[in-house]
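These are the residues of each chain, in order.
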Amino acid sequence: MNINYVLENVKDFHLKDVLECGQCFHFQRTDTGLNPEEFEYDIVYRDRVLHIKEEPDTDGVKLTFENTEDWEFQTIWREYFDLDRDYSKIKEKIIAADPRLEEIVEEHSGIRILNQDFFETLISFIISQNKQIPQIKQVVNNLSSEIGTKFDVTMINRFGSEFDAFFPTVEQIHNATEDEVRASKCGFRAPYIKDAAEKVFSGEITEDELLRMDTDQARQKLMTIHGVGEKVANCVLLFGLGRTESFPVDVWMKRICEYLYFNGDTPKAEIEAFAMDKYGDVAGYAQQYLFIYGQKHRIGAK
């Protein structure tokens, strides 16, 4: 018998906004898309695969975690989806810092920052360089299939999705050859992925040490990995280490911030420092809304 865990009237949560904002890549949408208020996804996380469904509820949304017992929800998915955090306070801080974002914040009130696995986040954002989200997802899936632990037959039949393996562990990438990594179609990123795995495997870089460091120290440490620049390091800090004051700046965020806050071309480091000062410990959340603001107003569009 299937045991589902159900949460009712969840506020400040929208699956599509959470999963498809570019912070994670090992998932797929599985609903038909015919009902604009219902969403279903398969998510692969560490050694788990989750099928989750969102439906409208009286005062929020109803989330159904399929084939999930209470212990699994309490020990894994509650933290992963950041369900214990009061997002109303975060949104208040963002709007107070820049009232122009109020409409976007209200329209996309269900955005959350996931608490993801550090190593998978590191490798995923190394892969992300110069790629669009569908391409990143495909390479992450390929890398899992090539090197990661395969699902058993029961799990494959249960989910019937395109996934067939978990994301590879540090040891699995460490033991793989560069050619085996390259088979995932990661291209020039293969040696970067190997270098990241070697540094984590050897203990040269550890999650515990990064968490003890201040944000700038942790960023500099991550940037000792070949192929990891400021943007990738900041994404890892924000999405893989819970450093919500981090503010990743890519070409689009640079244009958006220049339009809103500066007069002309501004170095990325200056933009990052400005945003961290302006938004403080919610800068990472603000970055999500600023990106949507830029899309809506076609800032930087050619």
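Below is a short write-up of the structure. (Residues numbered from 1 in each chain as written. Predicted model: local features only at pLDDT ≥ 70, side-chain atom pairs only at ≥ 80, totals over all residues. Heavy atoms only, no water.)

**Side note on the side chain of Thr266**
- Tracing the chain through its elements places Thr266 in the loop between helix H14 (251–261) and helix H15 (268–279).
- What makes Thr266 buried here is its relative accessible area of 4%.
- Among the polar contacts made by the side chain of Thr266, one reaches the main-chain carbonyl oxygen of Gly264 at a distance of 3.0 Å.
- If we skip the residues at most four places from it in the chain, Thr266 touches Lys254, Glu258 and Ile271. (Helix = DSSP H or I, 4+ residues; strand = E, 2+ residues; numbered from the N terminus. Buried < 20%, exposed > 50% of the residue type's maximum accessible area, 1.4 Å probe, protein only. Polar contact = N/O pair within 3.5 Å; in protein donor to acceptor, adjacent residues only side chain to side chain. Contact = heavy atoms within 4.5 Å.)

**Notes on the sheet that holds strand E5 (residues 60–66)**
- Read from one edge of the open sheet, 5 strands run E1-E5-E4-E3-E2, paired in antiparallel fashion. This sheet does not close on itself; its edge strands, each paired only once, are strand E1 (5–10) and strand E2 (27–29). Strand-to-strand twist in this sheet, taken as the mean axis angle between neighbours without regard to direction, amounts to 20 degrees.
- With 4 bridges joining them, E1 and E5 adopt antiparallel strand pairing. Its bridge partner being in E5, Tyr5 is matched across the sheet by Phe65.
- Packed onto the sheet, helix H2 (residues 70–80) meets E1, strand E3 (39–45), strand E4 (48–57) and E5 and runs at close to 80 degrees relative to E4. (Pairing = 2+ DSSP bridges. Axes fitted to C-alpha atoms, helices over the stretch in contact; angles between N-to-C directions.)

**Structural notes on empty space enclosed by the protein**
- Summed over all chains, the structure comprises 2 cavities of 30 Å³ or more.
- If you add up the space inside the largest cavity, you get close to 80 Å³.
- In this structure, the largest cavity is lined by Cys24, Phe25, His26, Phe27, Ile43, Val44, Tyr45, Tyr80, Gln116, Asp117, Glu120 and Thr121.
- At the level of elements, E3 and helix H5 (118–127) are the ones that each hand at least two residues to the lining of the largest cavity.
- With 3 residues, the top contributor of residues to the lining of the largest cavity is E3.
- Partitioning the lining of the largest cavity into residue classes produces 7 nonpolar, 3 polar and 2 charged.
- Every residue along the wall of the second largest cavity is listed here: Gln23, Cys24, Phe25, His26, Gln116, Glu120, Thr121, Ser124 and Val140.
- At 3 residues, H5 tops the list of elements feeding residues into the lining of the second largest cavity. (1 Å grid on protein atoms, 1.4 Å probe; cavity = no way out; pocket = protein on both sides within 12 Å on 5 of 7 lines; lining within 4 Å. Points joined across faces, edges and corners; volume = space filled by probe spheres on them. Nonpolar A, V, L, I, M, F, W, Y, C, P; charged D, E, K, R; others polar.)

**A word on the layout of surface pockets**
- In this structure, the largest pocket spans a volume of roughly 1200 Å³.
- Taken together, 37 residues make up the lining of the largest pocket; nearest its centre are Ile133, Lys231, Asp250, Trp252 and Phe291.
- Breaking the lining of the largest pocket down by element, the ones donating at least two residues are helix H1 (15–19), helix H6 (133–147), helix H13 (230–240), H14 and helix H16 (283–296).
- Counted as a void, the second largest pocket has a volume near 310 Å³.
- For the lining of the second largest pocket, the secondary structure elements donating two or more residues are H2, helix H11 (207–212) and H13.

**Quick notes on unusual backbone geometry**
- One non-glycine residue, Lys185, lies in positive phi territory at about 70 degrees.
- Note on placement: Lys185 falls in the loop between helix H9 (178–182) and helix H10 (190–202).
- The class of Lys185 is exposed, set by a relative accessible area of 62%.
- Not every positive phi belongs to a glycine, and Arg298 is a case in point at roughly 55 degrees.
- Tracing the chain through its elements places Arg298 in the segment after H16.

**Points about the packing of H14 against H15**
- Relative to each other, H14 and H15 sit at 65 degrees, their axes nearing to 10 Å. As H14 packs across H15, the resulting crossing turns out to be left-handed. Every residue of H15 that contacts H14 at Val251, Lys254, Cys257, Glu258 and Tyr261 is listed here: Lys268, Ile271, Phe274, Lys278 and Tyr279.
- Tallied by class, residues from the contact of H14 with H15 come to 6 nonpolar, no polar and 4 charged. (Left-handed = near helix turned anticlockwise from the far one by under 90°.)

**Some thoughts on the packing of H15 against H16**
- Two numbers describe how H15 lies on H16: the axes approach to 9 Å, and their chain directions differ by 110 degrees. Comparing their axes, H16 and H15 come out roughly perpendicular. Every pair of crossing elements has a handedness; the one defined by H15 and H16 is right-handed. Contacts between H15 and H16 pair Ala275, Met276 and Tyr279 from the former with Ala283, Ala286 and Leu290 from the latter. (Parallel < 35°, antiparallel > 145°, perpendicular 65-115°, else oblique.)

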